[in-house]
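Chain and residue survey
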Amino acid sequence: MKREIKLVDLKPQYEEIKEELWKEWQKIFDSMHLMLGPNMKAFEKEFAEYSGAQYGIGVDSGTAALFLSLKSMGIEEGDAVIAPSFTFFATIEAIIQTGAHPIMIDIDENDFNISPAKISEYIENNTIFDGNILQDKASGKIIKAIIPVHLYGTPAEMDKIQEIAKRYNLLILEDCAQAHGAEFQGKKIGGLGDAAAFSFYFSKNLSALGEGGIVLTNNEDIAKKSSMLRVHGQPDKYTHEFIGYNSRLDEIQAAVLRLKLKRLDIWNNKRIELAKYYNEVLKELPLKTPKIFEHKKSVFHLYVIRTEKRDELKEYLSKNSIGVGIHYPIPSHLQPALKYLGYKNGSLPTSEKIAKEILTLPMYPHLKKEEIDYIGEKIREFFKL
Ligand SMILES: Cc1ncc(COP(=O)(O)O)c(C=O)c1O
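These lines cover the structure that appears in this document, whether it is placed above or below. (Residues numbered from 1 in each chain as written. Predicted model: local features only at pLDDT ≥ 70, side-chain atom pairs only at ≥ 80, totals over all residues.)

A short note on the pairing of strand S7 (residues 171-175)
Here is the rule we go by: Exposed residues have 12 or fewer other C-beta atoms within 10 Å of their own C-beta, buried residues have 20 or more, and partly exposed residues fall in between, where C-beta atoms are placed from the backbone. Helix and strand definitions here come from DSSP, where helices need a minimum of 4 consecutive H or I residues and strands a minimum of 2 consecutive E residues; each element is numbered from the N-terminal end. Whether two strands pair comes down to DSSP finding at least two bridges between them.
Within S7, five of the five residues are buried, leaving the element largely enclosed by the surrounding structure. With burial as the criterion, each face of S7 is covered, one bearing Leu 171, Leu 173 and Asp 175 and the other bearing Ile 172 and Glu 174. In terms of strand pairing, strand S6 (residues 142-146) meets S7 through two bridges, oriented parallel. By the bridge assignment for S7, Ala 145 is matched with Leu 171.

Right under this line is the structure:
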């Protein structure tokens, strides 16, 4: 029987909250309090509490959350920021938008995240440290921060990254866009650095019906600065302390997020159960399934396998109406927009190899186990097993 399985199907999520949502939306439309209102304020508090951080500042996208966090941390022209190349481009884009210089580091193929060993190796071979300031020899810039990205929902190795940051006096901004509710050594991500940026883009684990984001932090200054930057540098209406932006999270999206936050753990646990089931179904096949770690909890934003026959398998599954994706086919250091930085093919070999082998299979909380059985059958058929 021919059937279709989408890469992501968000309709069932909407169906679950639909009735409550329209009641909340009705209240917003009746009050016409559309911006910086009670839903945004309540959501900021609820999500910060959920993630174990003190302050939350709702913004209009994950990219804005990254950018405003960096600005609030004091990152500017003349600075450099360490980040993985293998991420969604926005991580690197936000660094460049502040005027800072990105230093892109290779990943560990076990978890697809920035490799702490490779950060240390870079620092040892390419920087000068005077006990306080860490200077990059090639660019002459001062390295001020590290952005670990918790890619696909799996936390980066935060204890090792915290150690490096402490040793070299660096700030940490967690890119949590793909990892709402994930845990490292029993602690939620989002409160493990100086600030954290989350995206609520409509396909994320916690998602708006459109765009949204949040900055989390335990630092009062970063919180105050981000909250002013999101609304034209205003502490109060029509007083502008500095040049800011327009990056507000609107009430309509905040109401969606509040309702979905109540269900996030249930939906994340579904994803984890489905990922484990996938690993079982695919275990005898000539491909690599994602690792399940003891010391960290992935929330499987994406379920990503590896095979050298990636392109052929992708085509085969697409032909069979199974939604597949590649996250991401070109690592950031090889993107045309960043040619001027001088990275070449071979600069970051693990990121480059992984980009050629990864394939994202359907994953969302309402995916059914029998659909995973079917995907498994089609993959077995492809390998002629
Ligand atoms: C790792 C990562 N960082 C940043 C972003 C940017 O978030 P947004 O699309 O909400 O701007 C995304 C998502 O799109 C992402 O996956």
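There is more to say, and it comes next.
A closer look at the packing of helix H9 (residues 264-281) against helix H12 (residues 369-382)
Where we set the bar: Here, axes are lines fitted to C-alpha atoms. For helices the fit covers the stretch in contact, and angles between N-to-C directions go from 0 to 180 degrees. Should an angle lie under 35 degrees it is considered roughly parallel, over 145 roughly antiparallel, and from 65 to 115 roughly perpendicular; all remaining angles are considered oblique. Crossings are assigned a handedness: left-handed for a near helix turned anticlockwise from the far helix by less than a right angle, right-handed for a clockwise turn. We call two residues in contact if the C-beta atoms placed from their backbones are at most 7 Å apart. Classification used: nonpolar for Ala, Val, Leu, Ile, Met, Phe, Trp, Tyr, Cys and Pro, charged for Asp, Glu, Lys and Arg, polar for all others including Gly.
Where H9 meets H12, the closest approach of the two axes is 10 Å, and the angle between their N-to-C directions is 30°. One element, H9, and the other, H12, form an angle in the roughly parallel class. The two elements H9 and H12 cross, and the hand of that crossing is right-handed. Contacts from Leu 274, Tyr 277, Tyr 278 and Val 281 in H9 reach Lys 369, Ile 372, Asp 373 and Gly 376 in H12. Tallied by class, residues from the contact of H9 with H12 come to five nonpolar, one polar and two charged.

Details of the pairing of strand S11 (residues 213-217)
Most of S11 is tucked away: five of the five residues are buried. Residues Gly 213, Val 215 and Thr 217 point to one face of S11 and Ile 214 and Leu 216 to the other, with burial holding for every one of them. Two elements, strand S10 (residues 195-199) and S11, share five bridges in a ladder whose sense is antiparallel. Each residue of the ladder has a partner; that of Ala 196, found in S11, is Leu 216.

Quick look at the sheet that holds strand S8 (residues 183-184)
Strand order in the open sheet formed by three strands is S9-S8-S12, with antiparallel pairing between adjacent strands. The open sheet is flanked by strand S9 (187-188) and strand S12 (296-297), the only strands paired with a single partner. Note that S8 and S9 share two bridges and pair antiparallel. Looking across to S9, one finds that Phe 184 is bridged to Lys 187.

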